[in-house]
Amino acid sequence: MGAKPRRSSSAPTASLGLAVLVGLFGALAAPASAGERALVVEVSAYNSVESQTNSDPWTAAWGDELEHGMRIIAVSRDLLRLGIDRGTIVTIEGLGPRHDGKYLVLDKMGRRWKHTIDIYMGHDVARARRFGRRTATITWNAPGKAAAPTTAVAVESGDAGVP
């Protein structure tokens, strides 16, 4: 009467454990809201210098004027099809406290780049070179087309707007 029934196999327990783990990780990776999307991308940095842009390095691809200190990113053109367009606010995670946070999309990269974003670093070329190439997770709201920004002040950082 005091004996516990024996299981014939540990397979059901292992399957249940795997299902719980998959469920937990799936929940952690799930977007916070219905319109929010997430993607792992390559991240580099760029500057307002002719050698990296064109003869008007302070004007972004959509015609916005850039200023040193703005928290701006350029996105590869394949990301435009995912709903990351001019004026979209993108959150970057995985680069550390100095670079993580919210950025405004005001520029786009050349056609050769895929799944890549460029963080704008004004005229500080040495800092952009030190930054190098990294991998990070970006999140954004993609319910439809983003509204055109009225100002880049919408995404200020805790360190005076310098990423």
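Note on numbering: residues in each chain are counted from 1, in written sequence order. Where local features are concerned, this predicted model is filtered to residues with pLDDT of at least 70; where side-chain atom pairs are given and counted, the filter is 80 or more; whole-chain, interface and lining totals use all residues. Processing note: side-chain calculations cover all non-hydrogen atoms of the structure and skip hydrogens and water entirely.

> I'm lost on the side chain of asparagine 47 in this one. Help?
Each helix is a run of H or I in the DSSP string that is no shorter than four residues. Each strand is a run of E no shorter than two, and both are numbered from the N terminus. Following the sequence through the fold, asparagine 47 ends up in the loop between strand 1 (36–46) and strand 2 (72–75). Judged by its relative accessible area of 0%, asparagine 47 falls in the buried class. Under the rule applied, a polar contact is a pair of N or O atoms within 3.5 Å (in protein, one hydrogen donor and one hydrogen acceptor; residues adjacent in sequence only if both atoms are side-chain atoms). A polar contact of 3.4 Å, which involves the side chain of asparagine 47, links it to the backbone oxygen of methionine 121. Here glycine 122 takes part through its backbone oxygen, which lies 3.4 Å from a polar atom of the side chain of asparagine 47. Look past the residues within four positions of asparagine 47 in its chain and what remains in contact with it is Gln52, Thr53, Tyr120, Met121, Gly122, His123, Asp124, Val125 and Ala128. Only protein chains enter the accessibility calculation, which uses a 1.4 Å probe; a residue whose area is less than 20% of its type maximum is buried, one above 50% is exposed, and one in between is partly exposed. Residue contacts follow a heavy-atom distance rule, with two residues in contact if any of their heavy atoms lie within 4.5 Å.

> Can you help me understand the sheet that holds strand 3 (residues 89–93) in this one?
Two modes of strand pairing occur in sheets, parallel and antiparallel, and in both the strands are linked by backbone hydrogen bonds. We treat two strands as partners when DSSP finds at least two bridges between them. With mixed pairing, the six strands of this closed barrel are ordered in space as 1-5-2-4-3-6. Neighbour-to-neighbour, the strand axes of the sheet open up by a mean angle of 45°, direction not taken into account. Across eight bridges, strand 1 lies against strand 6 (residues 134–141) in antiparallel orientation. Bridge assignment links leucine 39 to a residue of strand 6, and that residue is isoleucine 138. Lines fitted to C-alpha atoms define the axes here, with helix axes fitted over just the stretch in contact, and angles between the N-to-C directions of these axes take values from 0 to 180 degrees.

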